[in-house]
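This is what each chain is made of:
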Amino acid sequence: LAGLGGQGAGGGPNGDLYLEVTIKPNRIFKLDGKNILFDLPITTWEAVLGASVHVPTLGGRVEAKIPAGSQSGKKLRLKNRGLKGNPAGDQIVTLQIVMPESSNDEDKSYFEDMQKRFDFNPRQKL
């Protein structure tokens, strides 16, 4: 802060005041420069079909669109939802697909049917 420091030597002008700001870690947000990073848990059906979901930001919840066919790790940018400034930062949302727990035989049968229906191996190119 220009001119708000202590009196200059020999009656000179006031010096500048420097502030050191420490931002405490947050349990859901991470800071990357002016950008805010956030991992958003989504369901498998939201990833496959697409969806509009509410996402927490520093300024409150906003609606974000998850594109159909999204994968875990896909990043969405919420423009100007990071730290304020000129220019303001963005919020970077990383999608994390969370599988439901299979608690009964009917649920497990559903996934077995999916296994038979889809000819899919995510490790095929390894």
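The structure this text deals with has already been given above.
What counts, and at which threshold
Residues numbered from 1 in each chain as written. Predicted model: local features only at pLDDT ≥ 70, side-chain atom pairs only at ≥ 80, totals over all residues. Heavy atoms only, no water. Helix = DSSP H or I, 4+ residues; strand = E, 2+ residues; numbered from the N terminus. Rg over C-alpha atoms; globule rule 2.2 N^0.38 Å. Buried < 20%, exposed > 50% of the residue type's maximum accessible area, 1.4 Å probe, protein only. Contact = heavy atoms within 4.5 Å. Areas by Shrake-Rupley, 256 points an atom, 1.4 Å probe, with all protein chains shown as cover. Lys, Arg positive; Asp, Glu negative; His and termini not counted. Charge placed at Lys NZ, Arg CZ, Asp CG, Glu CD. Core = buried A, V, L, I, M, F, W, Y, C linked by side-chain atoms within 4.5 Å. Patch = residues over 30% accessible without salt bridge, like charges linked within 9 Å, V, L, I, M, F, W, Y side chains within 5 Å. Salt bridge = Lys/Arg side-chain N within 4 Å of Asp/Glu carboxyl O. Polar contact = N/O pair within 3.5 Å; in protein donor to acceptor, adjacent residues only side chain to side chain. Pairing = 2+ DSSP bridges. Axes fitted to C-alpha atoms, helices over the stretch in contact; angles between N-to-C directions.

Caption draft 1: Region of the structure containing the overall build of the chain. A tally of helices and strands in the chain yields two helices and six strands. In the chain, the order of α-helices and β-strands from amino to carboxyl end is β-β-α-β-β-β-β-α. A compact globule built from 126 residues should have a C-alpha radius of gyration of about 14 Å, whereas the chain, at 24 Å, is more than 25% larger. For the chain, the spread of C-alpha atoms along the three principal axes comes to 85 × 30 × 25 Å. By residue count, 22% of the 126 residues in the chain fall in the buried class. In the chain, of all internal contacts separated by at least 6 residues, the share reaching a separation of at least 24 is 37%. Carbon and sulfur atoms make up 52% of the accessible area of the chain, which amounts to about 10,200 Å² in all. The chain carries 17 positive and 14 negative side-chain charges, and their two centres are separated by 8 Å.

Caption draft 2: Just the nonpolar core, in detail. With 15 residues, the main nonpolar core has F38, L40, I42, V55, L78, V93 and L95 as its most contacted residues. Excluding anything up to four places from it in sequence, L95 contacts L40, I42, I66, S70, Q71, S72, G73, K74 and L76.

Caption draft 3: Quick peek at a nonpolar patch on the surface. Judged by side-chain polarity, L1, L4, L17, L19, V21, I23 and L31 come together as a nonpolar surface patch covering roughly 720 Å² of accessible area. Examined against the element boundaries, L19 turns out to sit in the segment before β1 (29–32).

Caption draft 4: Structural view of the side chain of T94. Mapped onto the secondary structure, T94 falls in strand β6 (residues 91–97). Exposure remark for T94: the relative accessible area of 11% places this residue in the buried category. A polar side-chain atom of T94 sits 3.2 Å from a polar atom in the side chain of K75. Excluding residues that lie within four positions of it along the chain, T94 makes contacts with F38, D39, L40, G73, K74 and K75.

Caption draft 5: Fine view of the pairing of β6. The element β6 is largely enclosed, with a buried count of five among its seven residues. In terms of strand pairing, strand β2 (residues 35–42) meets β6 through seven bridges, oriented parallel. Bridge assignment links L37 to a residue of β6, and that residue is I92. Relative to β6, strand β5 (residues 75–78) runs antiparallel, the two being bridged by four bridges.

Caption draft 6: Main features of the sheet that holds β1. On the basis of which strands lie adjacent, the open sheet formed by four strands has the order β1-β2-β6-β5 and mixed pairing. For this open sheet the edge positions go to β1 and β5, each flanked by a neighbour on one side alone. Across this sheet, the average inter-strand angle for adjacent strands is 30 degrees, counted without regard to direction.

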